[in-house]
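Survey of secondary and tertiary structure
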Amino acid sequence: MAYLIQPDYVKYVCTCGQLKPITNLYFCRHCLKIRCGFCICHEVDSHYCANCLENMPSSEARLKKNRCSSCFDCPSCFHTLSTRATIAQPRQDPSGGDAKVENKQPKKMYYLSCFNCRWTSRDVGIPDQPVASGGWPERTNPFAHRFGQLLEYYKAIAQQEKQEKLDKERKKFAIRGKYITLTDKTGLTGAMARNIAGLPSSESSSSAIANFTPSQATEELEELPEDYHTREVNLKQITTMPQRLAAPEWQAQLVSRLQPLARPLSVKRSQRCRRCDHNLTKPEYNPGSIKFKIELLAYYHVPEVKIISYETIKPGGTSALLLKLTNPTAHEMQVRLIQTDEIPEVQEEEPKSIEKSLEKSLSLEKDTSWRQVVERKPVLPALIKVNNPEQTLTLAQRDDAAEYDDDAHHDTNDVILWRKSNKLALRLQLETDENAKVGEPAQAVIALEYSYRNTVPPSATSTQHRDHTLYTTVLIDLGLVSE
């Protein structure tokens, strides 16, 4: 149960311990685990402009500084600028007479305009251009040369630190055999190997560091004008802080010095599970269908829990909680409410790789202290106890046509209130601890054991689906404890 502008009243526990709404979680169909944004790897596939839909590779986007060369944003309100056309009449030359004016045809010129705040490129003195796309003049930054020197200096430092780290690891794992290597036989030096691999030489990086001139502070500052504190301030001519931060290389203080902002590029990304290295979402995986893009969310695999209504939570009292369970899958699902201590602890297998085999062959010990931070368990509240029913709930498969059926089957059971298609409403009894204080957050925890049919075959030749029993923990926010 997730909202855009309201708090998330129902949160699911990820395998890493994070509490997230079901709309912000993913489900890996290979390792059958719930993954959040911290449990997946974000890989950039390509860059594109959201306005003109121009697609470009990563190398070209890097050269263009992740900006589109033909689309601009308004420096005043940050909306997309549009290109307007106008007819420019030729200027009359007084010394040439009227004959030369008649021979010249009117030219079509273009300028940038914002349809939201009516800002135009003519307001800041940018001349009109004869071409609609591209060719807009850009002011040169007076500190561009200094910025280039700083960029080269930091690149050289990063390259030097990376090379020192590689040399240190190479000396650590160097195992000299009894046979002559190709480097010893042919005399291939490190510089030649770097040139063959296309990497910059170490001499260029060392020269960039040696020739760098550090910045020097000065005590001489320009004095403020005499009428700085007495003259009137016209807010229509002074830029705001968001307008200055939008162009950090300029930070123009006057509105007349604003320049159009090149539109930043958007990214097509694929998300991969960190544990099994399988794709969770990948753009344009199947151009003929968009189902692969959205059906790997947890919303389409894990039973959804929604709050219908609940009674006021009081210390030492009992109250009723009405929930709605929804089966998002295309098969029948068996759901059972259990206690959190009944969830079995399953150790996830680590993926096999060349690095693992190398460490095993060399009998090296790897530091695994970081996993104690990543694989943590959340602290769940224990003020409210949920009396789980002993029966197993059966949820029908998802049927899109049954969504338009208004007839709900009402049951006489004390737990199940009604059934409708793949939805089920049930009543739970809550018991609040007597030591609960008024004003504390009233949060209840329920654990679900549900059956899941894996539609991904175990191998390429096998088409048989497998049924699994999975577990998930749900945290329900019921407001505050009242008197």
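Look up a bit, the structure's there.
Thresholds, definitions, all that
Residues numbered from 1 in each chain as written. Predicted model: local features only at pLDDT ≥ 70, side-chain atom pairs only at ≥ 80, totals over all residues. Heavy atoms only, no water. Core = buried A, V, L, I, M, F, W, Y, C linked by side-chain atoms within 4.5 Å. Buried < 20%, exposed > 50% of the residue type's maximum accessible area, 1.4 Å probe, protein only. Contact = heavy atoms within 4.5 Å. 1 Å grid on protein atoms, 1.4 Å probe; cavity = no way out; pocket = protein on both sides within 12 Å on 5 of 7 lines; lining within 4 Å. Points joined across faces, edges and corners; volume = space filled by probe spheres on them. Helix = DSSP H or I, 4+ residues; strand = E, 2+ residues; numbered from the N terminus. Nonpolar A, V, L, I, M, F, W, Y, C, P; charged D, E, K, R; others polar. Salt bridge = Lys/Arg side-chain N within 4 Å of Asp/Glu carboxyl O. Pairing = 2+ DSSP bridges. Polar contact = N/O pair within 3.5 Å; in protein donor to acceptor, adjacent residues only side chain to side chain.

Considering the nonpolar core
Core analysis: the biggest nonpolar cluster contains 43 residues, and F27, L323 and L478 have the highest contact counts within it. Leaving out residues up to four positions away in the same chain, F27 has contacts with L32, K33, I34, L280, L296, L297, A298, H301, V302, Y450, Y452 and L470. If you look at the next biggest cluster of nonpolar residues, it comprises 12 residues, including F72, C74, L112 and L258.

Some words on the layout of surface pockets
Counted as a void, the second largest pocket has a volume near 850 Å³. Only β7 (67-73) and β10 (261-264) provide two or more residues apiece to the lining of the second largest pocket. When residues in the lining of the second largest pocket are grouped by element, the largest group, 5 residues, is from β7. Residues belonging to the lining of the second largest pocket are distributed by class as follows: 15 nonpolar, 6 polar and 7 charged.

Quick notes on empty space enclosed by the protein
In total, this model carries 1 cavity of 30 Å³ or more according to the counting rule given. Along the walls of the largest cavity sit P75, R139, Q243, R244, A247, W250, Q251, A252, R257, L258, Q259 and L261, which together make up its complete lining. Considering only residue class, the lining of the largest cavity consists of 6 nonpolar, 3 polar and 3 charged.

Considering the pattern of salt bridges
Under the counting rule described, the total for this entry stands at 7 salt bridges. Note that R122 is salt-bridged to D128, the shortest N-O span being 2.9 Å. Given the relative accessible area of 40%, R122 is considered partly exposed. Looking at D128, the relative accessible area reads 23%, which means it is partly exposed. Between D467 and R453 there is a salt bridge; the shortest N-O distance is 3.0 Å. Placement of D467 in strand β22 (residues 466-480) and of R453 in strand β21 (residues 441-454) is noted, with a sequence separation of 14 residues between them. For D467, a relative accessible area of 54% puts it in the exposed group. Note on R453: relative accessible area 37%, which makes it partly exposed.

Observations concerning the sheet that holds β22
Strands sit in the order β2-β1-β22-β21-β15-β17 across an open sheet of 6 strands; the sheet is antiparallel. The open sheet is flanked by β2 (19-20) and β17 (393-395), the only strands paired with a single partner. By the bridge criterion, 4 bridges tie strand β15 (residues 333-338) to β21 in an arrangement that is antiparallel. If you follow R336 over to β21, its bridge partner there is E449.

A closer look at the sheet that holds strand β11 (residues 266-273)
In spatial order, the strands read β6-β5-β11-β12; together these 4 strands make up an open sheet with antiparallel pairing. The sheet is open, and its two borders are formed by β6 (55-56) and β12 (279-281), each paired with just one other strand. Relative to β12, β11 runs antiparallel, the two sharing 2 bridges. Note that in β12 the partner of R272 across the bridge is N279.

Some remarks on the side chain of H331
Mapping H331 onto the fold places it in the loop between β14 (318-326) and β15. Residue classification places H331 among the buried residues on the basis of a relative accessible area of 9%. Within the structure, H331 has its side chain in polar contact with the backbone nitrogen of R453 (distance 3.2 Å). Contacts of H331, omitting those with residues within four sequence positions, involve Q397, S451, Y452 and R453.

Examining the pairing of strand β1 (residues 10-13)
Note: β1 against β22, 3 bridges, orientation antiparallel. Among the inter-strand pairings, Y12 is bridged to a residue of β22, identified as V474. In terms of strand pairing, β1 meets β2 through 2 bridges, oriented antiparallel. Residue pairing in the sheet places Y12 in a bridge with K20 of β2.

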